[in-house]
Amino acid sequence: MAITIINQHRVAIPINHSQIKNQVKKILTKENLKEKDIAIAFVDKKEIKKLNKKFLRKSRLTDVLSFESSQNYYKKIVSGDIAICTDAAVMNSKIFKTS
C-alpha cells in the first residue's frame, strides 16, 4: 500500500508531501476505505489539458482529474491516479475563496 506524490510542475511550488498523504489517509478513513496504490501528480496547464483531451476528449483546462485503477467494494480498497493542475487550483481557490 502506498501513496505516491509526484511533482511534474515546471515551476517550483511548495508541496508538503507528508501533509498531503495525511489528508488522503484522513479522507479514506472517513469514507471507510483503504488505499492500495494512489499516485498524486502535480502538473502544469499544458499537461492537464493533454490528459483531459486524451482521456475525456475535452480540450480545456481543469484543476483535477482522477483515474480509478481498481476498486474492490467488498474489501473497501481503492487505487488510482490523481492529476492536479497547480495553476488551475490556485486560480479556482481565488475564484471560490478557498484554500
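The preceding data block contains the structure.
J.: Would you mind showing me how to read the nonpolar core here?
T.: Across soluble globular proteins, nonpolar side chains have a tendency to be buried as a group. Core analysis: the largest hydrophobic core is formed by 10 residues, namely Ile 3, Ile 5, Ile 15, Val 24, Leu 28, Ile 38, Ile 40, Phe 42, Val 78 and Ile 84. Among the secondary structure elements, those contributing two or more residues to this core are strand S1 (2–7), helix H1 (17–30), strand S2 (34–43) and strand S4 (77–85). Element by element, the count of residues in this core is highest for S2, at 3 residues. In this structure Leu 28 touches Leu 33, Glu 35, Ile 38 and Val 78, once residues within four positions along its chain are discounted. Core analysis: the next-biggest nonpolar cluster, separate from the first, contains 8 residues, Leu 65, Ala 83, Cys 85 and Ala 88 among them.

J.: Can you walk me through a nonpolar patch on the surface in this structure?
T.: A contiguous nonpolar patch, built from Met 91, Ile 95 and Phe 96 and spanning about 340 Å² of accessible area, is present on the exposed surface. For Ile 95, a relative accessible area of 54% gives the class exposed.

J.: How do you make sense of the pairing of S2 when you look at a structure like this?
T.: Along any regular strand the residues' side chains alternate between the sheet's two faces. Most of S2 sits inside the fold, with 7 of its 10 residues counted as buried. Of the pairings in the sheet, the one linking S1 to S2 comprises 6 bridges and is parallel in character. Within S2, the position partnered with Ile 6 by the bridge is Ala 41.

J.: Any chance you could explain helix H3 (residues 86–95) here in plain terms?
T.: An α-helical turn contains 3.6 residues, so a residue and the one three or four places further along point in the same direction. All of the buried residues along H3 are Thr 86, Ala 88, Asn 92 and Ser 93. Across the axial projection of H3, the buried residues extend over an arc of 160°, all falling on one side. Counted as exposed and oriented over 90 degrees from the buried face of H3: Lys 94 and Ile 95. Residues of H3 that are buried make contact with S2 and S4. Among the residues trailing H3, Lys 97 stands out with phi positive, at a value near 55°.

J.: What is the right way to read the pattern of salt bridges from this model?
T.: Under the definition given, this model contains 1 salt bridge. Note that Lys 50 is salt-bridged to Glu 47, the shortest N-O span being 3.9 Å. Placement of the pair is Lys 50 and Glu 47 together in helix H2 (residues 45–56), with a separation of 3 residues, close to one helical turn. Judged by its relative accessible area of 54%, Lys 50 falls in the exposed class.

Rules behind the numbers
- Residues numbered from 1 in each chain as written.
- Predicted model: local features only at pLDDT ≥ 70, side-chain atom pairs only at ≥ 80, totals over all residues.
- Heavy atoms only, no water.
- Core = buried A, V, L, I, M, F, W, Y, C linked by side-chain atoms within 4.5 Å.
- Buried < 20%, exposed > 50% of the residue type's maximum accessible area, 1.4 Å probe, protein only.
- Helix = DSSP H or I, 4+ residues; strand = E, 2+ residues; numbered from the N terminus.
- Contact = heavy atoms within 4.5 Å.
- Patch = residues over 30% accessible without salt bridge, like charges linked within 9 Å, V, L, I, M, F, W, Y side chains within 5 Å.
- Areas by Shrake-Rupley, 256 points an atom, 1.4 Å probe, with all protein chains shown as cover.
- Salt bridge = Lys/Arg side-chain N within 4 Å of Asp/Glu carboxyl O.
- Pairing = 2+ DSSP bridges.
- Arc of directions from axis to C-beta.

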